[in-house]
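Each chain is listed here by its residues.
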Amino acid sequence: MKKLFIIGLGNMGMAILKGIIPQVLKEEDVSVYDVDKGRLRPFLNSKTEVVDTIEDGVKNAENILLAVKPQNMEDVLKEMSGAVSERNLVISIAAGVTTNYIKKILGGNAKVARVMPNLCISVGKGTSACCFGSNCSDEDKQFVDSLFKAVGITLSVDESKMDIVTAISGSGPGYLFKIMEILIDMGKKEGLSEEDSEKLVYQTVSGAAALAMNSNISAGALREKVTSKAGTTEAALKIMDEYRIEEMFREAIKAAVNRAKELSKE
Ligand SMILES: NC(=O)c1ccc[n+]([C@@H]2O[C@H](COP(=O)([O-])OP(=O)(O)OC[C@H]3O[C@@H](n4cnc5c(N)ncnc54)[C@H](OP(=O)(O)O)[C@@H]3O)[C@@H](O)[C@H]2O)c1
């Protein structure tokens, strides 16, 4: 019996797999399936089993990780529904797909966990928020936690909070990439090489995050600390305020929350 069967080996499925072997599970404890057979090729010479059908994978595994796009979830769930029993824990990372929706297709007794990671799991710096159906045991929760801790940090939230989590940390890297893109471009326009500009921006973002995480004062207090009276940071922040940066960000996050609700499969 395999400890984990992964369905879907795209960006996220592959990142999780790379993070958990061998830290959490051995190669031979995992089986995999993807409709894109090219994605399975790297496993043909490994101890990780490549199964022919979803049903085969489910029948021979304790835990199942669903890492397909939300639009493929219905097909996958229907395909596995005949083979799933209450001994299986089904873990989904599909954005907006609720535990109720999954249970509806799989049947009432299925144990379901839902996790919202972000792409930073691919470098071991992910943020994964987890929520659990009522029939999940402490052991199930610990198992899910161990998988996602191998690729970053984890936290447990109520499922009602998943849309705001999606808007802040799920989509968050996208907002930060946008800011980085602008800063890098400004550096280049003012004569820096692309390489230097990228180096300055990436290290600044990573350093600011490290500082905020290791400091016992809030992000707002840190901002005040780096903003000297009549200095350069103050000059820039003044313009950002004139352009209503705060209002813009608040509206942007609300739009992401609304979109998560629209996409939600209940
Ligand atoms: N990317 C992110 O930043 C992020 C963040 C949080 C959560 N998520 C969630 O993570 C999930 C996976 O995202 P991703 O970016 O890794 O997607 P992806 O790169 O498209 O990977 C999904 C994989 O599943 C395969 N697939 C499609 N239908 C299948 C089926 N019926 N059975 C088995 N495999 C199937 C796809 O093959 P084809 O390409 O041939 O269709 C692809 O190889 C999504 O539900 C997404 O909401 C993603």
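### Section: the domain arrangement of the protein chain
Thinking step 1. Per the domain assignment, the segments making up the protein chain are domain 1 (2-157) and domain 2 (170-263).
Thinking step 2. Averaged C-alpha coordinates put domain 1 and domain 2 at centres separated by 33 Å.
Thinking step 3. Counting residues at the interface gives seven residues for domain 1 and five residues for domain 2.
Thinking step 4. Considering only residue class, the side of domain 1 that touches domain 2 consists of five nonpolar, two polar and no charged.

### Thoughts on unusual backbone geometry
Trans is the prevailing form of peptide bonds, just as negative phi is the prevailing case for residues other than glycine.
Thinking step 1. For the bond from Ile21 to Pro22, the omega torsion is 0°, close enough to zero to count as cis.
Thinking step 2. Here Pro22 is to be found in the loop between α1 (11-20) and β2 (30-33).
Thinking step 3. In this structure, Ala230 takes a positive phi of about 60° despite not being glycine.
Thinking step 4. Inspection of the secondary structure assignment puts Ala230 in the loop between α9 (219-226) and α10 (232-242).
Thinking step 5. Despite not being glycine, Arg244 shows a phi value in the positive range, around 55°.
Thinking step 6. For Arg244, the position within the fold is in the loop between α10 and α11 (245-263).

### With respect to the nonpolar core
Thinking step 1. The biggest cluster of nonpolar side chains holds 55 residues, and the ones touching the most others in it are Ile6, Ile7, Ile16, Leu66 and Val90.
Thinking step 2. Here this core gets five residues from one element, more than from any other, and that element is α1.
Thinking step 3. Here Val90 is in contact with Ile64, Leu66, Val84, Ile102, Leu106, Ala110, Lys111 and Val112, once residues within four sequence places are set aside.

### Comments concerning the site of the ligand
Thinking step 1. Taken together, 27 residues surround the ligand, and among them Gly8, Gly10, Met12, Ala94 and Ala95 come closest.
Thinking step 2. Put simply, the parts of the chain that give the shell around the ligand at least two residues each are α1 and α3 (70-81).
Thinking step 3. For the shell around the ligand, the leading source of residues is α3, giving four residues.

### Details of the packing of helix α7 (residues 172-189) against helix α8 (residues 194-214)
Thinking step 1. The geometry of α7 relative to α8 is characterised by a closest axis approach of 9 Å and an angle of 140° between their N-to-C directions. As summarised for this structure, α7 and α8 are arranged oblique, according to the angle between their axes. Seen from above, α7 lies across α8 with right-handed handedness. Together, Leu176, Met180, Leu183, Ile184, Gly187 and Lys188 of α7 and Glu194, Ser197, Glu198, Leu200, Val201 and Val205 of α8 make up the contact between the two elements.
Thinking step 2. Here the contact of α7 with α8 is built from residues that sort into seven nonpolar, two polar and three charged.

### Looking at the sheet that holds strand β5 (residues 89-92)
Thinking step 1. Reading across from one edge, β3-β2-β1-β4-β5-β6-β7-β8 is the order of the eight strands in this open sheet, with mixed pairing throughout. What marks the edges here is a single partner per strand, and that holds for β3 (49-50) and β8 (152-156).
Thinking step 2. Here helix α5 (residues 138-149) sits on the sheet and contacts β4 (61-66), β5, β6 (111-116), β7 (126-132) and β8; the angle it forms with β7, its principal contact strand, is near 165°.

### What to know about the pairing of β5
The two faces of the sheet receive side chains in turn, since in a regular strand these alternate between them.
Thinking step 1. Covered by surrounding structure in β5 are Leu89 and Ile91 together with Val90 and Ser92, the residues of both alternating faces.
Thinking step 2. As paired elements, β4 and β5 share four bridges and run parallel to each other. Across the sheet, the residue bridging to Leu66 is Ser92, located in β5.
Thinking step 3. For the crossover from β4 across α3 to β5, the handedness is right-handed.
Thinking step 4. Looking at chain direction, β5 and β6 are connected through four bridges and run parallel. Paired with Ser92 across the strands is Arg114, a residue of β6.

### Some words on the packing of helix α6 (residues 162-170) against α11
Thinking step 1. The contact between α6 and α11 brings their axes to 8 Å, and the two run at 130°. On the basis of their axis angle, the class for α6 and α11 is oblique. The interaxial crossing formed by α6 with α11 has right-handed handedness. Facing α6, whose interface residues are Asp163, Ile164, Thr166, Ala167 and Ile168, α11 presents Ile253, Ala256, Val257, Ala260 and Lys261.
Thinking step 2. Residue composition of the contact of α6 with α11, grouped by class: seven nonpolar, one polar and two charged.

Scoring rules and cut-offs
Residues numbered from 1 in each chain as written. Predicted model: local features only at pLDDT ≥ 70, side-chain atom pairs only at ≥ 80, totals over all residues. Domains from an automatic or database assignment. Contact = placed C-beta atoms within 7 Å. Nonpolar A, V, L, I, M, F, W, Y, C, P; charged D, E, K, R; others polar. Helix = DSSP H or I, 4+ residues; strand = E, 2+ residues; numbered from the N terminus. Core = buried A, V, L, I, M, F, W, Y, C linked by C-beta atoms within 7 Å. Buried ≥ 20, exposed ≤ 12 C-beta atoms within 10 Å, placed from the backbone. Near = placed C-beta within 6 Å. Axes fitted to C-alpha atoms, helices over the stretch in contact; angles between N-to-C directions. Parallel < 35°, antiparallel > 145°, perpendicular 65-115°, else oblique. Left-handed = near helix turned anticlockwise from the far one by under 90°. Pairing = 2+ DSSP bridges. Right-handed = clockwise from strand over helix to strand, strands pointing away.

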